[in-house]
Amino acid sequence: MNEELKGKMREILLDRYGVDINDAKCFFSTQNYAFIFPGEPFMIRVSITAKKTRSEILSELMWVDDLKLFKQTICEPNVSLKGNLLEEFEIDGKPYRANMFRTARGVIREITNMTPMFFICVGDLLGAIHHVSTNERELGINFKRVSQQEKFTILKERVRDRIPEDIMKRIEGIEERINSLPQELGYYGLCHGDFHMNNFFVEENNVWVFDFDGCAYAHYLYDIASFVQACFLRGYGAGKDLRQVMNEEMLHYFKIGYTLNKECGEDFWDNLELFIAYRTALTYLALSEIDEVGVLDDTAKVKNFFAYVISQDDVMDAMTTAMKK
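Caption draft 1: Representation of the side chain of glutamate 56. In this structure, glutamate 56 sits in helix α2 (residues 54-68). There is no salt bridge for the buried glutamate 56, and the closest opposite charge comes from arginine 145, which lies 5.7 Å off by N-O distance. Here glutamate 56 is in contact with Lys144, Arg145 and Val146, once residues within four sequence places are set aside.

Structure follows, in structure tokens:
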């Protein structure tokens with residue numbers, strides 16, 4: 001993290017929450033910082049995206065409260081020292097939002113410690129979330145959150161002038177295929193939206209999830225693809241054929257946990273690789289927007305990685321090649 005930015009943010013968060021981010025581990029994922037305090041039952045999320053409306057924020061909190069009834073390892077937000085669930089501030093003219101989440105137990109699982117039981121437990125958690133989402137849709141419950149497709153299109157148009165024409169053409173081809181999929185009950189509903197390892201802690205066989213800031217209506221495969229892609233980017237399976245790793249080492253166990261809570265046929269998984277390409281395209285678009293913010297010191301290198309992957313016909317093969325380098 002940029003040290004000048006961190007210093008300014010440290011003072012603000014110390015005032016709002018009474019904790020020092022110098023004591024935390026910082027993780028970044030294109031739009032959010034996650035400050036993890038070792039040994040403490042809380043973390044702080046700081047988003048660098050434009051401010052959401054009040055109704056969007058309330059919808060996120062209402063959904064988290066609903067999920068908590070069905071899965072105890074859902075991490076609800078905690079108030080700041082000023083009694084606010086959401087703290088908003090600016091640094092150098094850029095808007096930020098901060099939330100503290102409590103009852104997050106355990107630690108972020110290291111890439112070297114991803115066991116079959118870990119994948120089963122992650123699948124169990126996400127299956128429970130999607131099961132609740134399906135029930136809500138069946139009952140006609142609607143939260144004021146936009147669709148992932150809409151978010152993708154808005155971001156794409158914002159950064160269009162920064163994207164090479166050939167890569168944009170490939171991105172729009174992926175987007176068109178996603179948008180053509182039917183939004184069937186049991187396949188589509190309110191999703192976490194940013195489901196990856198930096199957004200959950202692991203305590204033995206319990207997985208505690210937080211950061212529902214990006215929750216949106218989407219195909220459930222989007223959450224699954226987000227998790228799979230993040231594992232690869234952290235180095236899981238590096239040096240191997242990632243398609244084989246995904247099917248034999250990850251999904252084989254993930255499906256066991258997922259289907260404990262969420263009924264789905266084998267055809268449910270048919271478009272997973274398409275959604276990994278979609279998530280990869282979204283990550284590249286998001287990275288193309290943050291070069292003015294100074295949030296990463298190696299932004300160009302990371303963007304080049306994603307530009308290569310998304311420019312290839314087969315994203316899984318491209319990621320396999322890129323992760324070997």
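From this point, the narrative continues.
Caption draft 2: Fine view of the environment of serine 180. Inspection of the secondary structure assignment puts serine 180 in the loop between α5 (165-179) and β7 (188-191). Here serine 180 falls in the exposed class, since its relative accessible area comes to 56%. A polar contact is formed between the side chain of serine 180 and the backbone oxygen of arginine 177, at a distance of 2.7 Å.

Caption draft 3: Main features of the nonpolar core. Within the largest apolar cluster, 102 residues are counted, with the highest numbers of intra-cluster contacts made by Met9, Leu13, Phe35, Val46, Phe200, Ile224 and Phe227. Counting residues per element, this core draws most heavily on helix α8 (residues 272-287), at 12 residues. Residues in contact with phenylalanine 35, not counting those within four places in the same chain, are Met1, Met9, Leu13, Ile21, Ala24, Lys25, Cys26, Met43, Ile44 and Val46. Core analysis: the second largest hydrophobic core is formed by 10 residues, Ile36, Met43, Ala104 and Phe210 among them.

Caption draft 4: Representation of the environment of aspartate 23 in the model. Note that aspartate 23 resides in the loop between α1 (3-17) and β1 (25-28). When its relative accessible area of 53% is taken as the criterion, aspartate 23 is described as exposed. The contact partners of aspartate 23, leaving out residues within four places of it in the chain, are Phe37 and Pro38.

Caption draft 5: Broad picture of the packing of α8 against helix α10 (residues 315-324). Running from N to C, α8 and α10 cross one another at 60°; their axes reach a closest spacing of 9 Å. Taken together, the axis directions place α8 and α10 in an arrangement best described as oblique. Between α8 and α10, the residues in contact are Glu273, Ile276, Ala277 and Thr280 and Val315, Met316 and Met319, respectively. Here the residues of the contact of α8 with α10 are counted per class, giving 5 nonpolar, 1 polar and 1 charged.

Caption draft 6: Structural detail: the side chain of threonine 134. Structurally, threonine 134 is set in helix α3 (residues 116-139). A relative accessible area of 12% places threonine 134 in the buried class. Once residues lying within four places of it in the same chain are set aside, the contact partners of threonine 134 are Leu185, Gly186, Tyr220 and Lys262.

Caption draft 7: Layout of the pairing of strand β2 (residues 32-36). Of all 5 residues that make up β2, 5 are buried, and the element is covered over most of its length. Side-chain alternation along β2 places Asn32, Ala34 and Ile36 on one buried face and Tyr33 and Phe35 on a second face that is also buried. The pairing of β1 with β2 spans 4 bridges and is classified as antiparallel. Note that in β2 the partner of cysteine 26 across the bridge is phenylalanine 35. Pairing analysis gives 5 bridges linking β2 to strand β3 (residues 42-47), with the strands arranged antiparallel. Residue tyrosine 33 lies in a different strand from β3, and its bridge partner there is valine 46. Between β2 and β3, which pair antiparallel and follow one another directly, the connecting turn spans 5 residues, one of which, glycine 39, has a positive phi of 80°.

Caption draft 8: Region of the structure containing helix α4 (residues 148-159). With 12 residues, α4 should reach 16 Å at 1.5 Å per residue; the first-to-last C-alpha distance of 17 Å fits that figure. Taken together, the buried positions of α4 are Gln148, Gln149, Phe152, Leu155, Lys156 and Val159. Projection of α4 onto a plane perpendicular to its axis shows the buried side chains occupying an angular sector of 130°, all on one side. In this fold, the buried residues of α4 make contact with α5, β7, β10 (216-219), α6 (220-233) and α8.

Caption draft 9: Fine view of α8. With 16 residues, α8 should cover 22 Å at 1.5 Å per step; its first-to-last C-alpha distance of 23 Å lies within 8% of that length. Along α8, 15 of the 16 residues are buried, which leaves the element largely enclosed by surrounding structure.

Caption draft 10: Spatial organisation of unusual backbone geometry. The phi angle at glutamate 204 is positive, at roughly 55°, despite the residue not being glycine. Tracing the chain through its elements places glutamate 204 in the loop between β8 (200-203) and β9 (206-209). Its identity as a non-glycine residue notwithstanding, aspartate 211 has a phi of 60°, on the positive side. The residue aspartate 211 is located in the loop between β9 and β10 in this model. Take aspartate 211: its relative accessible area is 2%, and that puts it in the buried class.

Caption draft 11: Representation of the pattern of salt bridges. Applying the stated criterion to the full structure yields 26 salt bridges. Here arginine 45 makes a salt bridge to glutamate 60, at a shortest N to O gap of 3.4 Å. Placement of the pair is arginine 45 in strand β3 and glutamate 60 in helix α2, with a sequence separation of 15 residues. The pair formed by arginine 45 and glutamate 60 is uniform in burial state, with each residue classed as buried. When salt bridges with common partners are traced through the structure, they connect Arg45, Glu60, Arg97, Asp211 and Asp213 into a single cluster.

How each quantity is defined
Here the residue numbering is sequential within each chain, running from 1 through the sequence in written order. Only residues with pLDDT of at least 70 are given local features in this predicted model, and only at 80 or more are side-chain atom pairs given and counted; all residues enter the totals for whole chains, interfaces and linings. With hydrogens and water set aside, each side-chain value is computed from the structure's full complement of heavy atoms. The helix and strand labels rest on DSSP assignments: H or I over at least four residues marks a helix, E over at least two residues marks a strand, and numbering proceeds from the N terminus. Type-normalised accessible area, obtained with a 1.4 Å probe on protein chains alone, sets the label of each residue: buried when under 20%, exposed when over 50%, and partly exposed for intermediate values. Here Asp and Glu are counted as negative and Lys and Arg as positive; His is not counted, and neither are the chain ends. By salt bridge we mean one thing: a side-chain nitrogen of Lys or Arg within 4 Å of a carboxyl oxygen of Asp or Glu. When checking whether two residues touch, look at their non-hydrogen atoms; a contact exists if any pair is within 4.5 Å. Distance and chemistry together define a polar contact, namely a pair of N or O atoms within 3.5 Å, with one atom able to donate a hydrogen and the other to accept it when in protein, and with adjacent residues in sequence counting only for side-chain atoms on both sides. For the purposes of this section, nonpolar cores are sets of buried Ala, Val, Leu, Ile, Met, Phe, Trp, Tyr and Cys residues that join through side-chain atoms within 4.5 Å. The axes are straight lines fitted to the C-alpha atoms, using for helices just the contacting stretch, and the angles between their N-to-C directions are given from 0 to 180°. Roughly parallel means an angle under 35 degrees; roughly antiparallel, over 145; roughly perpendicular, 65 to 115; everything else is oblique. Residues are grouped as follows: Ala, Val, Leu, Ile, Met, Phe, Trp, Tyr, Cys and Pro are nonpolar; Asp, Glu, Lys and Arg are charged; all remaining types, including Gly, are polar. What makes two strands pair is DSSP finding at least two bridges between them. Under the convention used throughout, the expected extent of a helix is 1.5 Å for every residue step, that is, one less than its residue count. Read the arc as the range of directions from the helix axis to the C-beta atoms.

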